[in-house]
Amino acid sequence: MHTVWKGAISFGLVHVPVKMFSATEDKDISMRMIHKKCSTPLSYVRKCQTCDTQVEWEDIVKGYEYEPGRFVIFSKEELEQLSGESSKEIKILDFVNLNEIDPVYYQKTYYLAPADTGSNAYNLLLRSLTETGKIGIAKVSIRSKSSLAAIRVVDRCLALETIFYPDEIRPISQVPNLPEQANVNDKELTMAKMLIEQLSTPFEPDKYADEYRAAVLDAIAHKVAGEEIQVAPEQHRTNVVDLMSALQASLDAVKAAGGTSAASSPTEEAKPKRSRSRKKETV
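So, how was this worked out
- Residues numbered from 1 in each chain as written.
- Predicted model: local features only at pLDDT ≥ 70, side-chain atom pairs only at ≥ 80, totals over all residues.
- Heavy atoms only, no water.
- Salt bridge = Lys/Arg side-chain N within 4 Å of Asp/Glu carboxyl O.
- Helix = DSSP H or I, 4+ residues; strand = E, 2+ residues; numbered from the N terminus.
- Buried < 20%, exposed > 50% of the residue type's maximum accessible area, 1.4 Å probe, protein only.
- Core = buried A, V, L, I, M, F, W, Y, C linked by side-chain atoms within 4.5 Å.
- Contact = heavy atoms within 4.5 Å.
- Pairing = 2+ DSSP bridges.
- Axes fitted to C-alpha atoms, helices over the stretch in contact; angles between N-to-C directions.
- Parallel < 35°, antiparallel > 145°, perpendicular 65-115°, else oblique.
- Left-handed = near helix turned anticlockwise from the far one by under 90°.

Enquirer: Go over the pattern of salt bridges, please, and point to the residues and values.
Expert: Here the structure, examined in full by the defined rule, presents six salt bridges. Between E131 and R127 there is a salt bridge, with its nearest N and O atoms 2.5 Å apart. Taken together, the positions of E131 and R127, both in helix α2 (residues 119–132) and four residues apart, correspond to about one turn of that helix. Residue class for E131 comes out exposed when judged on its relative accessible area of 59%. Among the residues examined, R127 registers a relative accessible area of 55% and is labelled exposed.

Enquirer: A description of the nonpolar core should follow, citing residues and the corresponding values.
Expert: The biggest cluster of nonpolar side chains holds 24 residues, and the ones touching the most others in it are I9, I90, L112, I151, L158 and L160. Secondary structure elements with two or more residues in this core: β1 (3–11), β2 (14–22), β7 (89–97), β8 (106–114), α2, β9 (134–142), β10 (145–154) and β11 (157–163). The biggest single contributor to this core is α2, with five residues. When neighbours within four sequence positions are excluded, L112 is seen to be in contact with I9, V18, K19, M20, I90, Y122, I151, C157, L158, A159 and L160.

Enquirer: Tell me about the pairing of strand β6 (residues 70–74), and name the residues and values.
Expert: As paired strands, strand β5 (residues 62–67) and β6 are joined by five bridges and run antiparallel to one another. By the bridge assignment, E67 is partnered in β6 with R70. Two successive antiparallel strands, β5 and β6, enclose a turn made up of two residues, where G69 displays a positive phi of approximately 85°.

Enquirer: Talk me through the packing of helix α3 (residues 186–199) against helix α5 (residues 243–256); I want residue IDs and the actual numbers.
Expert: Helix-helix packing is described using two parameters, namely the angle between the two axes and the distance between the axes. Across the interface, α3 lies against α5 with an axial gap of 10 Å and an inter-helix angle of 25°. Viewed along their axes, α3 and α5 adopt a mutual orientation that is roughly parallel. Taken as a pair, α3 and α5 cross one another with a handedness that is left-handed. Of α5, the residues touching α3 (which contributes K187, E188, M191, A192, M194, L195, Q198 and L199) are L243, M244, L247, Q248, S250, L251, V254 and K255.

Enquirer: Which residues make up unusual backbone geometry, and what values go with them?
Expert: At S39, a residue that is not glycine, the phi angle is positive and equals roughly 65°. Within the secondary structure layout, S39 lies in the loop between β2 and β3 (47–48). Classification of S39 by relative accessible area gives exposed; the value is 55%. Positive phi values are uncommon outside glycine, yet D155 reaches one of about 55°. If you trace the backbone, D155 turns up in the loop between β10 and β11.

Here it is in structure tokens:
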């Protein structure tokens, strides 16, 4: 893995030297922009309209347009100083329970490995978080961007999850057409809960795949071989005219596929399963 950041985690007077690695990778299929007329790839050119010349990366700075056509300019060093990135510190501010953070806050995950001289402090923090079931809320600056972050344990590794600041989350009040009251039919609710029970299963991430990416790769292989792309026919869908019929048809389809129901009939109230203590994500 490529090291994307080096620094240290700090909590109290304890410093844990770490190296950061991206925990995820983008597997989107990259496609070039092509001139339809002659099939020539198009190039992205950084060109100055005033000087009428192509601009190299080392001659590019960042600027904020405070009025139309007027900018204040910042160098890379100035932005690093403002963001605090030069300190190379992940400062833990508080320790909280993982289930207190709504998933809407999460951005990107990084793995943290101990630096050459930090294995003892790293193991201490990892073990402490594991046994207390807590995660650390920290501040960190990566590539001139300041972020909140959550430090938690994934298997035997410390992980850092960058999270949005509260003012970056749009309020629910801005979402249009939300019902003021959730009024539902009792029979429909019973059948919907039965359907959820029948479709419930432990989370197994390995059973999910990016079908679109697989289809595109298959189409690329066919085109390279000079073959025509065969598009699968659209699956027949039953024209269901009301919600009760849709629920009943869904239950029948699950049963026909070998699904097991938590209730014996559509009219019997779906009994909630006994709550199980969910394993904390810090182990």
